[in-house]
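# Coordinate inspection notes
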Amino acid sequence: MDIRAGLQSGDKRACARLISMVENEDEQAIGILKELYGLTGKARVIGITGPPGAGKSTVTDKLAKLLRQQGKKVGIVAVDPTSPFTGGAILGDRVRMTDLSTDPGVFIRSMGTRGALGGLSKAAHGAVKVLDIFGMDYIFIETVGVGQSEVDIVRLADTVIMVAVPGLGDDIQAIKAGIMEIGDVFAVNKSDRDGAERTATELEMMLDFNIRSQYRPPVINIIAKDNKDVDKLLEAVEKHYVYLVNSGELSQRKKNSIKNEIIDIFKYAMVKAIEEKSQSSSFIEQLISDTVDKRLDPYTAAAKLVEEFRSR
Amino acid sequence: MFDKEKVTQIKEAADNWENTVIAKTLAKAPEKKPEFKNSSDITVKRVYTPADVAELDYERDLSFPGEYPYTRGVQPTMYRGKSWTMRQYAGFATAEESNKRYKYLLEQGQTGLSVAFDLPTQIGYDSDHPLSEGEVGKVGVAIDSLKDMEILFDGIPLDKVSTSMTINAPASVLLAMYIAVAEKQGITPDKLSGTIQNDILKEYIARGTYIFPVEPSMRLITNIFEYCSSNVPKWNTISISGYHIREAGSSAAQEVAFTLADGIAYVEAAIKTGLDVDDFAPRLSFFFNAHNDLFEEVAKFRAARRLWAKIMKDRFKAKSPKSWMLRFHTQTGGSTLTAQQPDNNIVRVAIQTLAAVLGGTQSLHTNSKDEALALPTEDSVRIALRTQQIVDNESGVTETIDPLAGSYYVESLTTQIEDKAVEYIRKIDELGGAARAIERGYVQQEIQDSAYRYQMEIESGERVIVGMNKFKVSEEAPKGLLKVDPIVGELQVKKLAELRASRENAKVEAALEALRKAAQSEENLMPYIIEAVRTYGTLGEICGVLREVFGEYQQTVIL
Amino acid sequence: MDRPIRVIVAKPGLDGHDRGAKVVARALRDAGMEVIYTGLRQTPEQIVETAIQEDADCVAMSILSGAHNHLFPKVVRLLKEKGADDILVVGGGVIPEDDIPGLIEAGIAAIFTPGTPTSVTIDFIKSNIKRS
């Protein structure tokens with residue numbers, strides 16, 4: 001299959017294959033991305049996160065449909081956790097997006113976290129680039145908002161939607177602990193349920209304590225499954241984008257995102273190099289056993305490792 | 001049931017026996033397994049004694065047949081008075097062919113009809129809908145309009161038979177058609193008896209033929225309760241089903257728990273619309289599975305009856321004894337049948353028949369030996385029916401009521417299953433009731449965990465399925481299986497086109513419009529559906545209107 | 001490069017009995033595969049589109065309603081039309097022995113009938129996927 005040609009002629013198979021190759025760290029894929037890097041940066045990237053059961057996939061489904069009505073092409077990357085024990089995963093987000101799967105202007109890709117160090121974030125970055133090159137106008141990245149790797153993924157988005165839901169109790173605490181800072185738009189889904197008002201109020205209160213710029217993230221009540229007020233949510237996303245552009249924060253974010261990506265790739269390369277080295281060289285083995293025997297401490301051992309790399 | 005002193009003595013003697021005789025025996029020859037457990041995760045003891053039922057109070061916990069809490073049965077004379085209804089689930093291809101099979105079954109001594117519908121009918125699509133492709137007439141009969149229903153019951157007097165219809169999401173429409181067919185036979189609705197399954201919650205949990213979201217589905221169900229209580233008083237308006245929950249892989253205790261939790265949700269919904277509990281509760285019926293663990297199954301049925309009686313009396317304050325009674329239909333376990341050595345299935349079904357009868361069922365469908373392979377042939381359906389007739393007429397188990405009562409083992413199991421069910425129901429209540437627990441995927445998760453565990457036990461050989469993972473033979477492919485001619489789909493589509501061309505379409509439109517308006521209001525929809533059916537509006541058209549107003553259910557998948 | 005095998009587990013048609021599909025999905029996951037679960041009521045078109053976008057190695061379908069002769073071959077045909085016939089297609093469910101040769105002929109690589117251990121399905125997929 002000629003992937004370059006396929007990408008440019010809109011062949012979904014080529015796009016799908018390239019994403020796999022990126023995910024599998026295929027050298028050829030990185031070559032293609034290097035070559036086509038100039039074509040990236042056109043798509044709007046939107047992160048969607050929130051606790052399990054909040055209805056993220058349904059929200060994504062409805063937003064995508066609204067955008068399709070406006071003639072926009074939509075890419076979706078849905079991330080689910082990989083089992084740390086078996087390396088397998090069940091990726092079930094498509095269940096909520098059944099009608100989108102045959103829409104020619106939509107591309108949905110499920111992805112497992114695969115547990116590799118920094119691997120997911122890299123794979124997700126890669127997938128977004130591929131979908132961007134493939135000509136998607138909007139790209140959604142959907143993750144479960146719990147771990148650091150999810151936060152990393154969401155960082156590459158222009159706008160992050162935090163989906164909350166009434167009646168999950170302690171989740172507000174979890175939001176507060178981790179993801180509050182990165183939410184640009186808050187959606188209270190299933191807002192016909194008891195406790196919706198309270199959830200919204202709590203979010204507003206937390207936002208009061210969390211002022212980081214002149215932009216204040218809005219809190220929007222929706223019922224995604226009935227498509228109620230999802231248009232308002234999209235409006236808020238658009239407004240946030242306007243703010244990003246006007247305030248100059250967009251270029252700052254892009255810069256940060258690129259910086260993060262470079263550092264991620266670098267870190268990953270370093271870790272890999274060290275891993276490879278530790279298999280072949282007695283140098284690292286020696287450092288480890290010296291530390292075990294208390295002849296060295298981990299700080300000194302790490303410093304020696306840095307020195308060793310520098311000198312080469 | 002025993003005095004305290006005596007129980008203490010027996011306990012001591014049992015301990016003594018365990019420590020001496022058993023300890024010695026085990027030292028020489030260990031038992032086959034370190035622990036014996038049933039599907040409900042209850043440890044089965046080596047032997048049961050009065051000490052295991054020491055807390056049991058005869059009058060409180062068992063009482064007499066036909067008396068609260070109905071542990072021993074809902075009728076005072078049970079099968080001594082009247083045998084259970086032998087009801088074979090049947091239906092395939094076209095209404096014409098199914099009509100022939102019904103007449104055959106009635107000639108063979110079957111006493112009630114049980115209609116199986118094809119999947120498009122069950123999901124409210126006409127035979128010409130794109131999603132119906134390949135499915136028309138496959139797992140049951142295809143019904144598109146009143147026309148098909150007239151053919152289905154042609155020559156069968158609806159005031160003389162009781163008819164059970166396995167239909168859920170569009171139950172209101174099929175019931176409306178049944179009422180309309182009766183009308184044409186000159187029979188008024190008050191003379192009709194039968195059952196519609198009408199149990200949407202278990203569709204969300206296990207069976208998958210849902211259409212609408214939870215709230216409008218519950219509304220349709222309570223509309224039926226209300227309509228029937230004044231117009232079709234002998235009709236069982238719902239058959240709250242554990243059958244499919246069990247087929248999806250649940251344990252016996254989960255089957256009781258989730259079925260009764262669904263039952264609670266229906267009762268609550270009906271009460272919320274302003275119905276009096278004693279007006280509709282007597283028409284609630286249940287539908288359970290029968291698997292191979294004979295004693296666990298019998299205990300399950302007894303536990304379900306006792307627990308439901310308590311729920312209705314204590315939780316819902318029902319006053320009529322008829323509201324307290326759990327009446328149920330049983331079907332033998334489809335998932336217990338093997339594709340390998342299918343004749344062995346006859347034996348399994350016989351054991352399951354015994355379980356249902358010893359458990360006091362009101363009606364029974366016995367599966368045919370070839371059901372793991374295809375739809376049953378006439379011959380294998382006859383063997384299945386004969387199995388019931390042999391148990392009824394030759395085995396002697398029907399001569400006395402609830403013959404296993406007082407068995408230390410069965411009574412102890414009955415109590416333990418009830419306790420487990422109570423615990424599950426408490427948990428479901430905490431989650432906000434059955435509907436919410438299903439939307440969250442809690443119930444499905446519990447069932448899937450059991451199903452996966454069961455599969456792994458089979459694969460490790462820990463659980464033996466004769467002919468499948470042990471005692472295998474190489475065998476030839478079975479011959480003479482029933483096949484539905486693919487032409488059925490075309491025939492049905494043709495019939496539908498003719499109907500649409502010949503009926504008075506303006507009348508249909510008007511009836512559908514009236515239905516739409518009613519659906520947008522709070523009105524009872526039954527009269528509007530009956531009217532739409534009379535004009536030969538199709539099932540797909542009627543459900544289509546409701547789909548537009550109500551939307552569709554989104555499945556919760558938790559794996 | 002050691003990568004997980006990606007499998008679409010799908011329920012084509014209107015049949016809602018998903019016990020088997022779900023048990024298989026879990027077993028495949030426990031065997032280290034990435035399982036994309038589609039849910040109920042999938043059309044052949046949806047299954048094929050999903051398989052393509054997910055760059056799947058295998059499509060595993062389950063039907064208990066008797067619609068297999070219609071739906072399984074249609075999935076194979078559509079995959080071929082889209083140039084995706086390097087994706088392995090397997091099926092399971094209540095499928096009469098008589099129908100199996102026809103399905104194999106139509107391009108379904110294997111049919112797993114009731115009683116098949118999940119380990120057999122897993123091994124078959126592992127040794128028959130067409131891409132390394």
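These numbers were taken from a predicted model, which means no experiment stands behind them.

The rules behind the values
- Residues numbered from 1 in each chain as written.
- Chains lettered and ligands numbered in written order.
- Predicted model: local features only at pLDDT ≥ 70, side-chain atom pairs only at ≥ 80, totals over all residues.
- Heavy atoms only, no water.
- Helix = DSSP H or I, 4+ residues; strand = E, 2+ residues; numbered from the N terminus.
- Buried < 20%, exposed > 50% of the residue type's maximum accessible area, 1.4 Å probe, protein only.
- Areas by Shrake-Rupley, 256 points an atom, 1.4 Å probe, with all protein chains shown as cover.
- Domains from an automatic or database assignment.
- Contact = heavy atoms within 4.5 Å.
- Buried area = accessible area lost by both parts, 1.4 Å probe.
- Salt bridge = Lys/Arg side-chain N within 4 Å of Asp/Glu carboxyl O.
- Arc of directions from axis to C-beta.
- Polar contact = N/O pair within 3.5 Å; in protein donor to acceptor, adjacent residues only side chain to side chain.
- pLDDT = per-residue confidence, 0-100.
- Pairing = 2+ DSSP bridges.
- Axes fitted to C-alpha atoms, helices over the stretch in contact; angles between N-to-C directions.
- Parallel < 35°, antiparallel > 145°, perpendicular 65-115°, else oblique.
- Left-handed = near helix turned anticlockwise from the far one by under 90°.
- Nonpolar A, V, L, I, M, F, W, Y, C, P; charged D, E, K, R; others polar.
- Phe/Tyr/Trp six-rings, centres within 6.5 Å; stacked < 30°, edge-to-face > 60°.
- Lys NZ or Arg CZ within 6 Å of the ring centre and 35° of its normal.
- Lys, Arg positive; Asp, Glu negative; His and termini not counted.
- Core = buried A, V, L, I, M, F, W, Y, C linked by side-chain atoms within 4.5 Å.

### A look at the overall build of chain A
- When helices and strands are counted, chain A shows twelve helices and eight strands.
- Here chain A, with 312 residues, has 51% of them falling under the buried criterion.
- Accessible surface, chain A: about 14700 Å² in total, of which carbon and sulfur atoms supply 54%.

### Looking at the domain arrangement of chain A
All names here are of chain A.
- As assigned here, chain A comprises domain 1 (39–247) and domain 2 (258–311).
- In this assembly, six residues from domain 1 lie in contact with six residues from domain 2.
- Contact between domain 1 and domain 2 buries roughly 570 Å² in total, counting both sides, with carbon and sulfur atoms accounting for 61%.
- Scanning the region where domain 1 abuts domain 2 turns up one salt bridge.
- With its nearest N and O atoms 2.4 Å apart, the salt bridge here joins Lys 129 to Glu 261.

### Looking at unusual backbone geometry
Residues and elements named next belong to chain B.
- In this structure, the amide linkage connecting Tyr 68 to the following residue, Pro 69, adopts the cis form with an omega of 0°.
- Looking at the secondary structure, you find Pro 69 in the loop between helix H2 (58–62) and helix H3 (78–81).
- A positive phi angle, near 55°, is found at Ser 63, a position not held by glycine.
- Tracing the chain through its elements places Ser 63 in the loop between H2 and H3.

### Side note on helix H3 (residues 27–36) of chain A
All names here are of chain A.
- Within H3 the residues assigned to the buried category are Ala 29, Ile 32, Leu 33 and Leu 36. The arc enclosing the buried residues of H3, seen along the axis, measures out at 100°, which places them on a common side. Of the exposed residues in H3, those oriented more than 90 degrees away from the buried face are Glu 27 and Lys 34.
- Where H3 begins, the capping side chain belongs to Asp 26, and its oxygen is found 2.7 Å from the backbone nitrogen of Gln 28.

### A few points about the interface of chain B and chain A
- Across the contact, eight residues belong to chain B and six residues belong to chain A.
- Regarding the contact of chain B and chain A, the summed buried area is about 720 Å², with carbon and sulfur atoms giving 47% of it.
- Taken as a group, B:Arg436, B:Gln554 and B:Leu559 account for 49% of the area that chain B buries against chain A, more than any other trio of residues on that side.
- If you look at where chain B meets chain A, you find one salt bridge.
- Measuring nitrogen to oxygen at the nearest pair gives 3.5 Å for the salt bridge that ties A:Arg193 to B:Glu439.
- Run the count over chain B and chain A and you get two residue pairs in polar contact (both at pLDDT 80 or more).

### As for the confidence of the model for chain B
- With 100% of its residues at a pLDDT of 70 or more, chain B shows a mean pLDDT of 94.
- Overall fold confidence (pTM) sits at 0.90, and the ipTM for the predicted complex is 0.94.

### Let's talk about the pairing of strand E4 (residues 106–112) of chain A
Residues and elements named next belong to chain A.
- Counting buried positions over the seven residues of E4 gives seven, a clear majority of the element.
- Burial of the side chains of E4 extends over both faces: Val 106, Ile 108, Ser 110 and Gly 112 are buried on one face and Phe 107, Arg 109 and Met 111 on the other.
- In this structure, strand E2 (residues 74–80) lies alongside E4, joined through seven bridges in parallel fashion. Paired with Ile 76 across the two strands is Ile 108, which belongs to E4.

### Brief notes about the packing of helix H13 (residues 294–315) of chain B against helix H15 (residues 344–358) of chain B
All names here are of chain B.
- H15 packs onto H13 with a crossing angle of 30° between their chain directions and a minimal axis gap of 8 Å. On the basis of the axis angle, H13 is roughly parallel to H15. Handedness of the H13/H15 crossing: right-handed. Across the interface between the two elements, Leu 294, Glu 297, Val 298 and Phe 301 from H13 touch Ile 351, Leu 354, Ala 355, Ala 356 and Leu 358 from H15.
- Class assignment for the residues of the contact of H13 with H15 results in eight nonpolar, no polar and one charged.

### What to know about the pairing of strand E1 (residues 44–49) of chain A
Residue and element names in this part refer to chain A.
- Of all six residues in E1, six are buried, a share of seventy percent or more.
- Pairing of E1 with strand E5 (residues 138–142), which is carried by five bridges, proceeds in the parallel orientation. When the sheet's bridge partners are listed, Ile 48 is paired in E5 with Glu 142.

### Focus: the packing of aromatic side chains
- Here the structure, examined in full by the defined rule, presents 23 aromatic pairs over all chains.
- Arranged with centres 4.9 Å apart and planes meeting at 25°, the rings of A:Tyr215 and A:Tyr243 form a pair that is stacked. Note that A:Tyr215 is positioned in the loop between helix H8 (196–208) and strand E8 (219–221) and A:Tyr243 in helix H9 (residues 230–247), a separation of 28 residues in sequence.
- Here A:Tyr243 falls in the buried class, since its relative accessible area comes to 16%.
- With a centroid separation of 6.4 Å and 80° between ring planes, the pair formed by B:Tyr68 and B:Tyr70 is classed as edge-to-face.
- We classify B:Tyr68 as partly exposed; its relative accessible area is 24%.
- On the basis of relative accessible area, B:Tyr70 is assigned to the buried category, the value being 2%.
- Through pairs of rings, three or more aromatic residues link up here, namely B:Phe286, B:Phe288, B:Phe301, B:Trp308 and B:Phe328.
- Sitting above the plane of the B:Tyr48 ring, B:Lys45 keeps its charged end 5.7 Å from the centroid.
- When the ring centre of B:Trp324 is taken as reference, the NZ or CZ atom of B:Lys313 above it lies at 5.4 Å.

### A look at the pattern of salt bridges
- Scanning all chains against the criterion turns up 78 salt bridges over all chains.
- Linking B:Asp41 and B:Lys37 is a salt bridge whose minimum nitrogen-to-oxygen distance equals 3.0 Å.
- B:Asp41 sits in the partly exposed class, given a relative accessible area of 42%.
- Connected through salt bridges with shared partners, the residues A:Glu23, A:Arg94, A:Arg109, A:Arg114, C:Arg6, C:Glu34 and C:Glu54 form a single ionic network.

### What to know about the side chain of B:Asp392
All names here are of chain B.
- Mapped onto the secondary structure, Asp 392 falls in helix H16 (residues 378–393).
- Here Asp 392 is buried and forms no salt bridge, its nearest opposite-charge partner Lys 82 lying at an N-O distance of 10 Å.
- Those residues in contact with Asp 392 that lie beyond four places of it in its chain are Ser 83, Trp 84, Met 86 and Thr 398.

### So, the nonpolar core
- Among the nonpolar cores identified, the biggest contains 139 residues, and B:Met149, B:Leu201 and B:Trp308 are the most heavily contacted of them.
- Broken down by element, the residue count for this core peaks at twelve residues, all from helix H11 (residues 252–272) of chain B.
- Inspection of this core shows a minimum of three residues originating in each of domain 2 (58–460) and domain 3 (487–550) of chain B.
- Excluding its chain neighbours within four sequence positions, the residues that come into contact with B:Leu201 are B:Met218, B:Asp262, B:Ala265, B:Tyr266, B:Ala434, B:Ala435 and B:Ile438.
- Counting 33 residues, the second-largest nonpolar core is a separate cluster that includes A:Met97, A:Leu100, A:Val230 and A:Leu234.

### Describing the sheet that holds strand E6 (residues 235–236) of chain B
Residue and element names in this part refer to chain B.
- Taken together, the five strands give an open sheet; going across it, the order is E2-E3-E4-E5-E6, and neighbouring strands pair in parallel fashion. Each of the sheet's edge strands pairs with one partner strand only, and the pair in question is strand E2 (89–90) and E6.
- Alignment of E2 against strand E3 (residues 113–115), held across two bridges, turns out to be parallel. Across the sheet, residue Tyr 89 finds its bridge partner in E3, namely Ser 114.

### Things to note about the sheet that holds strand E9 (residues 328–332) of chain B
All names here are of chain B.
- Strands sit in the order E1-E10-E9-E8-E7 across an open sheet of five strands; the sheet is parallel. Where the open sheet ends on each side, the last strands, each with one partner, are strand E1 (85–86) and strand E7 (238–241).
- Sitting on the sheet, H13 is in contact with strand E8 (284–290) and E9, with an inclination near 160° to E8.

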